[in-house]
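# Breakdown of the fold
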Amino acid sequence: MSDQDSPTTIELLTFQLAGQEYSLDIMSVREIRSWTRATPLPHAPACMRGVINLRGTVLPVMDLGERLGLPPRAQSDRAVIIVVTHGESMTGLLVDAVSDIIALTRDDLQPPPDMANGATTGMVSALTLIDERMVRVLDLAATVSLEEGLAA
Amino acid sequence: MSLNILAVDDSRTMRDMIRLALQPAGFTVHTADDGLHGIDVLDGIEPDAIITDINMPRMDGFGFIDAVRGQEQHRATPILVLTTEAAPELKARAREAGATGWIVKPFDPAKLVKALQMVAG
Amino acid sequence: MSTENDPMAEIRASFFIECEELLEALQDSLQIMDDGAEDGETINVVFRAVHSIKGGAGAFGLDALVRFAHRYETVMDEVRTGRMEADVAALKVFFQCADHLSDLVRHSRDGGADPAEQSAALLTRLDALLGEEGGSAEPEPEPEIEFQPTGLTLDLAALDDAPMGDLSDLPDLPPLDRLPDLPALSGVKTYTLHFAPEPELFETGNEPFMLLRALQELGTAHVTCDTSRLPAQKDLIPEQPYLSWTIELETEAEESEILSVFEFVEGLCSLKLTGAGEDAGSSELPDLSPEILPAASPTPEPLKQAEPEPVSPAPPPAPTTPAIAPKAPPAKAAAANTPAAVKSVVRVDLDRIERLVNLVGELVINQAMLSQSLEDANLPPHGDAISGLEEFQRLTRDIQDSVMMIRAQPVKSLFQRMSRIIREASAAVDKDVRLHTEGEATEVDKTVIERLADPLTHMIRNAVDHGLETPADRIAAGKPSEGQVKLTAAHRSGRVIIEVSDDGAGINRPRVLQIAIDKGLIPADSQLSDSEIDNLLFLPGFSTASTVSDLSGRGVGMDVVRTAIQALGGRIAITSTPGKGTIFSISLPLTLAVLDGMVIDTAGETLVVPLNLVVETLTFCAEDVSMIRPGQHVVRVRGAFVPVVDLGAELGYRPPLSNFEGAVALLIAHENGSRAALLIDNILDQRQVVIKGLDDGFFRAPGIAAATILGDGQIALILDPSDIINNAAQPPQERLVGASA
């Protein structure tokens, strides 16, 4: 595709949410786990699925589809938890299925059009085309931060 | 030149300070916590010089010097006494017990090195 | 703050740790003296503790500390040498000085308010003690020595090929050498030295060769050796000084610098220094030694003293000077019999221990999970797997205990702080109080000890201020005027029990009840048992002192003590007997990493309630429960109405229950002393759980304190019942629901 050694090369983990493709910078991904039941946290926002036991660590799990305001869907066998690190913390992101790892350059990314349609805009930091399919690149910090977008 | 030193002091801080002062000068430093311990340690080493505190539990510096001097092979080993003040009476007692010289605490590392080289080569 | 790369900072840190140990030893020994139980060594321990603190402080330039310690040490030396008696009044000052020394050490370490201004008052008191008992003896003057020169030429430079370069430019000379600079000194001067060792010079391990070499470093030395006194070889007595030297020294060095070479041998030799162009005699040290002038016969001077002397294979004959004969060391036999009991200590970063504690926590969980899956596998009960598992369980338990012990510390340091509190508190209210301690060696988690200091301080102050009567009242009650406060620690069934008791008047229950009613804390017609009245002391804002005293009028009540104890997973109880005194008993977990929990089930969720807050379990009868208003119920528990908190509904797991018949509830002791019935579905188990922190960086669930991992690998939340009860007491619209950052 492009020059692998270029410093502007980035690798993205792509995954599916409600039939659409999203992606995250692979550098923030620690591991991918199959779905296990989470212990719910009382009075948590709807996107907080609860906490799971990740080898002795209590890992909060966020339903990414819910977080992005996507329509709810049936829990499938392919649902997985992507464990990401951000700063000092770790979070699990529940997604419908993991697709691929793709490498591309920063030049392949386009800023999202300013559609001002609510919370998701800030979380999608870029768009790109892979085999004529549009892939949304998520801004991890904005996604896992509940300080904005949840007050409503 | 590398000298083999035995330092006897019940204060961990003082032992650490002595080690810190002497090791960079290439000295090998053995330590003991009091007079009795010093005699035990002395058994396994042949120090070129000994540094000892006076006020220590179990066996004080005077007793320790006396005991060291009582050992044939250490009759002439230089022994420096660590004192907090240069009281003449303390010096006199230390010398009477057989001390070679004294170092006033807090000591300057360079001065300690110099004093040891002075008495032990 | 990393000290890893700075050895001085590391030694400084270790000095302060050592100071804590020394201060502890100091306190202990003063206490022993105060109890009249000292032996000859006790005062030496006191002296050495102060002395060592002074020594270390000097090395770090902690002047205020050095100054105070020095004076303190001087007085302790007077006591040590029997020139002064440590009576009750003196001991009181010594205790205050020990407290102050401890303040100065902490100030040197942590900064903050400078306690040094109190030094002056204490020093005055110390001096007053000295004044009464008479000061120290004057130091004896150094003996003076006479000198007789003789001569023979010898070039020292030819003897000495040892490298000297690194010694010639030492910047720092002993302070006593420093004289004011004289004008026009740049030129090289020539001095003449006559140097004749006495026998004692050798007996103290000094060596003329070294001295001559040191002179050589100062400039150009021409050395002549007088061998005229050397006896025939067969008559030669090792370590007898037969030789003397005359040195012509050309140097820029000052006279004082030259004399400093002979600092260690002053009085052990005759030494005469004559400056260039000056008259002799300015630095003459007269010789007191007897003349020894045997027949001359040249013998090489032994140059190195550390090696065995070739001429004397047998032990040397007794030296001719009897006064300094090497004596058989009196303590040598003891040295051989008593192996040195050296405690070896490793300093470990607390973070590393935390990590180990966490790993062991995981091991415990892992072992529980393994046990469960082996159980599910229906293995033969005596098979290898099951017996292996039992061994694994035992090892896990042992490892857990050992790891917890790393963090454990004896409560002694805490108790010592309390003895100081007693002294200060009793002085403030003018009561005579004696503190008795028991079980100081009892070990508790380090963090628990640190966090116990404040509540315990408050309880001790309370005991002195409120618990004990005034001396007059005590005498009127037929008690000794001196009040007793007892502080004990003990391990009991996996917990630590700490008790503070006094032999005072006991709780004045009618008055406590009246105050509680007056303050509107309880209804005026309340019928309370003795124990319930005693527990009123734990209500927020309760204060029994009719006049606000210096000690307790600080806006801190026993409710704060209780909250602090509960935050440590502990319980506090009170027992009082009129006329006999009051006992406060604290029960604490050994460590904060595990929690005694009650595992419960509500709306299909497994939860853990800290056992220390559970008073009892209840099973409701429908007629015991009454509705106050929609959604709010109370239940009758032995005549008292207790609010019902429906846990499943509070946590949003299910709608509120409407039928309470047969419902199970936990009676929870709320932190403010009130109670609530926490409605649950089932009690599953009662066990120790490993506490796992929740990352509350982006969401903190109300009512949840932490989490734990159960044997099946599932996470169970650990409840904070007080939070839940507080929330339930608020109107719904004010409740904390949803995200909080």
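Residue indices follow the written sequence of each chain, beginning from 1 at its first position. The naming scheme follows written order: chains are lettered A onward, ligands numbered 1 onward. Reporting in this predicted model follows two pLDDT cut-offs: at least 70 for local features of residues, and 80 or more for side-chain atom pairs to be given and counted; totals over whole chains, interfaces and linings ignore these cut-offs and use all residues. No hydrogens and no water enter the side-chain calculation; it runs on all heavy atoms of the structure.

## Focus on the overall build of chain B
Here is the rule: Working definition: helices are DSSP H or I runs of at least four residues, strands are E runs of at least two. Numbering for both runs from the N terminus. The accessible surface values rely on the Shrake-Rupley method and a 1.4 Å probe; as for residues, cover is taken only from the protein chains in view.
In terms of regular secondary structure, chain B is built from five helices and five strands. Helices and strands in chain B line up, N terminus first, as β-α-β-α-β-α-β-α-β-α. Looking at chain B as shown, the accessible area adds up to about 3,700 Å², and 49% of this sits on carbon and sulfur atoms.

## Some words on the overall build of chain C
Basically, it comes down to this: Burial classification: accessible surface area is computed with a 1.4 Å probe over protein chains only, and a residue below 20% of its type maximum counts as buried, one above 50% as exposed, and the rest as partly exposed. The criterion used for residue contact is that any of the two residues' heavy atoms lie within 4.5 Å.
Broken down by element type, chain C carries 21 helices and 23 strands. Counting every position in chain C, which comprises 741 residues, the buried fraction comes to 45%. Long-range contacts, defined here as pairs at least 24 residues apart, represent 71% of the contacts in chain C between residues at least 6 apart. When the accessible surface of chain C is split by element, carbon and sulfur atoms take 53% of a total near 36,600 Å².

## Quick notes on the UniProt feature "modified residue: 4-aspartylphosphate" (unreviewed entry) in chain B
Using the following cut-off: UniProt positions are given in the numbering used here, feature names are shortened, and annotations may be inferred rather than shown by experiment.
Here, UniProt's "modified residue: 4-aspartylphosphate" (unreviewed entry) annotation points to B:Asp53. If you trace the backbone, B:Asp53 turns up in strand 3 (residues 49-53). On the basis of relative accessible area, B:Asp53 is assigned to the buried category, the value being 1%. Not counting the four nearest positions on each side in its chain, B:Asp53 is found in contact with B:Val8, B:Asp9, B:Asp10, B:Gly61, B:Leu82, B:Lys105 and C:His51.

## A closer look at the packing of aromatic side chains
The following threshold applies: Two rings from Phe, Tyr or Trp (for Trp, the six-membered ring) form a pair when their centres are within 6.5 Å of each other. A pair whose planes differ by under 30 degrees is stacked, one over 60 is edge-to-face, and the rest are tilted.
Summed over the entire model, instances satisfying the criterion amount to seven aromatic pairs over all chains. Each ring, one from B:Trp102 and one from C:Phe264, has its centre 5.2 Å from the other, and the planes form 65°; the classification is edge-to-face. Of the two residues, B:Trp102 is situated in strand 5 (residues 101-104) and C:Phe264 in the loop between helix 10 (255-261) and strand 5 (269-274); the pairing between them involves two chains. Each member of the pair B:Trp102 and C:Phe264 is classed as buried.

## Observations concerning helix 4 (residues 88-110) of chain C
Inclusion rule: By definition here, a helix of n residues has an expected span of 1.5 Å times n minus one.
The terminal C-alpha atoms of helix 4 of chain C lie 33 Å apart, and with 23 residues this matches the ideal 33 Å at 1.5 Å per residue to within 8%. Where helix 4 of chain C ends, the next residue or the one after it, C:Gly111, has phi of about 75°, a positive value.

## Quick word on the sheet that holds strand 19 (residues 664-669) of chain C
Residue and element names in this part refer to chain C. Heads up, the rule is: We call two strands paired when DSSP finds no fewer than two bridges between them. Axis definition: a line fitted to C-alpha atoms, over the contacting stretch in the case of helices. Angles run 0 to 180 degrees between N-to-C directions.
Ordered in space as 15-19-20-18-17-16, the six strands form an open sheet in which the pairing is mixed. Across the chains shown, the open sheet's two edge strands, defined by having one partner strand only, are strand 15 (614-619) and strand 16 (625-629). In this sheet, adjacent strand axes meet at a mean angle of 35° when their direction is disregarded. In the sheet, strand 17 (residues 632-637) pairs with strand 18 (residues 640-646) via five bridges, with the strands oriented antiparallel. What sits directly across from Val635, in strand 18, is Val642. Each of strand 17, strand 18, strand 19 and strand 20 (675-680) touches helix 21 (residues 721-729); the most contacted strand, strand 18, lies at about 100° to it.

## Topic: the nonpolar core
Residues and elements named next belong to chain C. To be explicit about the condition: Here the nonpolar core consists of buried residues drawn from Ala, Val, Leu, Ile, Met, Phe, Trp, Tyr and Cys, with membership extended through side-chain atoms lying within 4.5 Å. Here the limits of each domain have been adopted from an automatic or database domain assignment.
Within the largest apolar cluster, 114 residues are counted, with the highest numbers of intra-cluster contacts made by Tyr72 and Phe94. Here the element with the most residues in this core is helix 4; it accounts for 10 residues. When residues of this core are assigned to domains, at least three map to each of domain 1 (7-133) and domain 2 (141-160 + 187-298). Once residues lying within four places of it in the same chain are set aside, the contact partners of Tyr72 are Leu26, Leu30, Val50, Phe94, Cys97, Ala98, Leu101 and Leu126. Counting 46 residues, the second largest nonpolar core, distinct from the first, contains Phe415, Val444, Leu456 and Met558.

## Section: the pairing of strand 4 (residues 79-83) of chain B
All names here are of chain B. Stated precisely, the cut-off is as follows: Here is how to tell: hold the view so the strands point away, follow the path from the first strand over the helix to the second, and if it runs clockwise the crossover is right-handed.
In terms of burial, strand 4 is largely enclosed, as five of its five residues are buried. The two faces of strand 4 match: Ile79, Val81 and Thr83 on one face and Leu80 and Leu82 on the other face are all buried. Sheet topology places strand 3 next to strand 4; four bridges connect them, and they run parallel. Along strand 4, the bridge assignment pairs Asp53 with Leu82. Taking the sense of rotation as the criterion, the β-α-β connection linking strand 3, helix 3 (residues 61-69) and strand 4 turns out right-handed.

## Looking at the environment of C:Leu618
Residues and elements named next belong to chain C. Examined against the element boundaries, Leu618 turns out to sit in strand 15. As a C-alpha pair, Leu618 and Val637 span 19 residues in sequence and 8.7 Å in three-dimensional space. Once you skip the residues sitting within four places of it in the chain, Leu618 turns out to touch Val637, Ala663, Val664, Ala665, Leu667 and Ala677.

## Considering the environment of B:Val68
Residues and elements named next belong to chain B. In this fold, Val68 is placed in helix 3. The class for Val68 is buried, based on a relative accessible area of 0%. Between the C-alpha atom of Val68 and that of Gly38, which follows or precedes it by 30 residues, the distance is 9.2 Å. Every residue in contact with Val68, bar those within four places of it in the chain, is listed here: Leu42, Ile50, His74 and Ile79.

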